[in-house]
Amino acid sequence: MLVNRVVPADVTDPFLAGWRARQQQVAAELDATIGEVPRLRVDLAARERVGVAALGDLADELYGTAVAATVLHKGPRPEVVDRRRACAAPAAARQRARRRGADEL
């Protein structure tokens, strides 16, 4: 799993402090749900990484001397559920039914 645009711990900008706090919450959720799956981390860059050379630098940052095609995890693949969509679908179905005048689904 690639975790991108992580605000580094040494960044003290007040605007980014909220981003960093939220990222730490998400990291804790990841630990709880997919704990053993390796995560490759990319810190927030000062500018957008554009072009082949910038992507090469990113690959070096991510993989170092390791081969990028190396399998990093051989355990079971975690199930990923988007809770926002899982919760929104039944609610949307109820709203559509109400608009049509249906009493029950």
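Look a little higher up for the structure.
Read on for an overview of the structure. Every value quoted in this text rests on a predicted model; they were computed, and no experiment measured them.

**Considering the overall build of the chain**
Scanning the chain for helices and strands turns up three helices and two strands. Taking all 105 residues of the chain together, the buried fraction comes to 12%. Long-range pairs, those at least 24 residues apart, make up 58% of the contacts in the chain between residues at least 6 apart in sequence. Here the chain displays about 8,800 Å² of accessible surface, and carbon together with sulfur accounts for 56% of that area.

**Structural notes on helix α2 (residues 52-63)**
The end-to-end C-alpha distance of α2, which contains 12 residues, comes to 16 Å, matching closely the 16 Å that a straight helix rising 1.5 Å per residue would cover. All buried positions along α2 are accounted for by Ala54, Leu58 and Leu62. Taken end-on, α2 shows its buried residues confined to a sector of 75°, consistent with a single buried face. Of the exposed residues in α2, the ones pointing more than 90 degrees away from its buried face are Val52, Ala53, Asp57 and Asp60. Trailing α2 by a residue or two, Gly64 shows a phi angle of about 60°, which is positive.

**Structural notes on the layout of surface pockets**
What the second largest pocket holds in volume is close to 170 Å³. As for the second largest pocket, its lining consists of Asn4, Arg5, Asp43, Leu44, Ala45, Arg47, Glu48, Arg49, Leu55 and Leu58. Of all elements in the fold, only β1 (2-6) and α2 reach the threshold of two or more residues within the lining of the second largest pocket. Its residues assigned to classes, the lining of the second largest pocket comprises four nonpolar, one polar and five charged.

**Section: the pattern of salt bridges**
Enumeration according to the criterion identifies five salt bridges in this entry. Glu48 is the partner of Arg5 in a salt bridge, and the nearest nitrogen-oxygen pair spans 3.0 Å. Here Glu48 lies in the loop between β2 (40-43) and α2 and Arg5 lies in strand β1, a separation of 43 residues in the sequence. Residue class for Arg5 comes out partly exposed when judged on its relative accessible area of 45%. The partner of Arg49 in a salt bridge is Glu61, and the shortest N-O contact between them spans 3.0 Å. Of this pair, Arg49 sits in the loop between β2 and α2 while Glu61 sits in helix α2; the two residues are 12 residues apart in sequence, bridging distant segments of the chain. Under the relative-accessibility criterion, Glu61 is labelled partly exposed at 40%.

**Quick look at helix α1 (residues 14-34)**
Spanning 21 residues, α1 covers 30 Å between terminal C-alpha atoms, matching the ideal 30 Å at 1.5 Å per step. Buried positions along α1 lie against β1. Capping the start of α1, Asp13 holds a side-chain oxygen 2.8 Å from the backbone nitrogen of Phe15, two or three residues further along.

Reading the values: rules and limits
Residues numbered from 1 in each chain as written. Predicted model: local features only at pLDDT ≥ 70, side-chain atom pairs only at ≥ 80, totals over all residues. Heavy atoms only, no water. Helix = DSSP H or I, 4+ residues; strand = E, 2+ residues; numbered from the N terminus. Buried < 20%, exposed > 50% of the residue type's maximum accessible area, 1.4 Å probe, protein only. Contact = heavy atoms within 4.5 Å. Areas by Shrake-Rupley, 256 points an atom, 1.4 Å probe, with all protein chains shown as cover. Expected span 1.5 Å × (residues − 1). Arc of directions from axis to C-beta. 1 Å grid on protein atoms, 1.4 Å probe; cavity = no way out; pocket = protein on both sides within 12 Å on 5 of 7 lines; lining within 4 Å. Points joined across faces, edges and corners; volume = space filled by probe spheres on them. Nonpolar A, V, L, I, M, F, W, Y, C, P; charged D, E, K, R; others polar. Salt bridge = Lys/Arg side-chain N within 4 Å of Asp/Glu carboxyl O. Polar contact = N/O pair within 3.5 Å; in protein donor to acceptor, adjacent residues only side chain to side chain.

Just distances and angles here, no functional claims.
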